[in-house]
Amino acid sequence: MRISELAAASGAPITTLKFYLREGMLQRGRSTSPTRAEYGPEHFDRVKLINALINVRGLPIAKVRKILSIIDAPQGDPVEAMGSAIGALPPYDVAHESADYPHAEAAIKSLGFTFDPNFPATRHLEAALEGLDHAGLEWNKNILSRYRDALIPLAEAELVPMKGMDTQEAVTYAVLGTALYEPVILAIRRLAHRQLVETHVPKIDPETPDVRG
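Everything numeric here is computed off the predicted structure, so don't read it as measured data.

(A) Examining the overall build of the protein more closely. Secondary structure summary: the protein contains nine helices and two strands in total. Of the regular secondary structure in the protein, the N- to C-terminal order runs α-α-β-β-α-α-α-α-α-α-α. Scaling as 2.2 N^0.38, a compact globule of 213 residues should have a C-alpha radius of gyration of about 17 Å, whereas the protein reaches 23 Å, well beyond that. Residues classed as buried in the protein amount to 27% of the 213 residues present. At a minimum sequence separation of 6, the contacts of the protein that also span at least 24 residues come to 56%. With 23 positive and 27 negative side-chain charges, the protein shows a separation of 8 Å between the mean positions of the two kinds.

Listed below in structure tokens is the structure:
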């Protein structure tokens, strides 16, 4: 297909496709003349992926380019690739006074997970737990166990499709799953909160006098 047909099929304007080409995010098509190139299904899939990362996930171009580079030249270790992808996703790294993450280290070791100070999610957890501490919100082993018991089965189910994949396929799946499934999880959690509040929390009658105090 020509670039105009690729634009029509993918929903990305020609100017946007040319930008992707200039930035090296989209491979050039097969030249058929000095001014014309043919694009195939692989270009369509790539454009849809870029659009999802930019328009749906809301990532800046530099972060999209980082994720694409991981997919195009995957590292041999899927854990390292996932770490690189997580580093390209919000929340972006928050500066700390030192490389120590005491809150995160205690929580991770309590979970029985591997504590890796270089894995971006470790820094994310430290910042999140610091936020809870500053706000005076509760955080203890019972709450940690609640999150662990809910999230481990979810994580196991998400990784089932990786069985039988080769390294490159597994890395691509892990990276894109991290980038594009997390917003779904967050949205469903928020919808569940709304549903439970709606069905379990009694509404206040504005006509009922407030007898507190």
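From this point, things continue past the structure.
(B) A look at the pattern of salt bridges. Scanning the entire structure with this criterion turns up five salt bridges. Here Glu23 makes a salt bridge to Arg65, at a shortest N to O gap of 2.2 Å. Here Glu23 is found in the loop between helix H2 (14-22) and strand S1 (30-33), whereas its partner Arg65 is found in helix H4 (residues 61-72), with 42 residues between them in sequence. Note on Glu23: relative accessible area 31%, which makes it partly exposed. According to the relative accessible area criterion, Arg65 is partly exposed, its value standing at 33%. Asp72 is paired through a salt bridge with Arg46; the nearest N and O atoms lie 2.7 Å apart. One end of the pair, Asp72, is in helix H4; the other, Arg46, is in helix H3 (residues 41-56), and 26 residues separate them in sequence.

(C) Highlighting the pairing of S1. The pairing of S1 with strand S2 (residues 36-38) spans three bridges and is antiparallel. What sits directly across from Ser31, in S2, is Ala37. Between S1 and S2, which pair antiparallel in sequence order, lie two residues.

(D) How the structure looks around the packing of H4 against helix H9 (residues 167-200). Between H4 and H9, the least distance of the axes is 9 Å, while the angle of their chain directions is 160 degrees. Between H4 and H9, the interaxial angle falls into the category roughly antiparallel. Taken together, the residues of H9 that come into contact with H4 (itself represented by Ile67, Ile70 and Ile71) are Gln168, Val171, Thr172, Val175, Leu176 and Ala179. Grouping the constituent residues of the contact of H4 with H9 by class yields seven nonpolar, two polar and no charged.

(E) Quick look at the environment of Ala127. Topologically, Ala127 is positioned in helix H7 (residues 120-135). C-alpha separation for the pair Ala127 and Ala104, spaced 23 residues apart in sequence, amounts to 8.5 Å.

(F) Molecular detail of helix H8 (residues 141-159). With 19 residues, H8 should reach 27 Å at 1.5 Å per residue; the first-to-last C-alpha distance of 26 Å fits that figure. The largest bend along H8 measures about 25 degrees and falls at Leu151, with the proline Pro153 one to four residues further on. For H8, the capping residue at the N-terminal end is Asn140, with a side-chain oxygen 3.0 Å from the backbone nitrogen of Asn142.

What counts, and where the lines are drawn
Residues numbered from 1 in each chain as written. Predicted model: local features only at pLDDT ≥ 70, side-chain atom pairs only at ≥ 80, totals over all residues. Heavy atoms only, no water. Helix = DSSP H or I, 4+ residues; strand = E, 2+ residues; numbered from the N terminus. Rg over C-alpha atoms; globule rule 2.2 N^0.38 Å. Buried < 20%, exposed > 50% of the residue type's maximum accessible area, 1.4 Å probe, protein only. Contact = heavy atoms within 4.5 Å. Lys, Arg positive; Asp, Glu negative; His and termini not counted. Charge placed at Lys NZ, Arg CZ, Asp CG, Glu CD. Salt bridge = Lys/Arg side-chain N within 4 Å of Asp/Glu carboxyl O. Pairing = 2+ DSSP bridges. Axes fitted to C-alpha atoms, helices over the stretch in contact; angles between N-to-C directions. Parallel < 35°, antiparallel > 145°, perpendicular 65-115°, else oblique. Nonpolar A, V, L, I, M, F, W, Y, C, P; charged D, E, K, R; others polar. Expected span 1.5 Å × (residues − 1). Bend = angle between axes of the 7 residues up to and from the residue. Polar contact = N/O pair within 3.5 Å; in protein donor to acceptor, adjacent residues only side chain to side chain.

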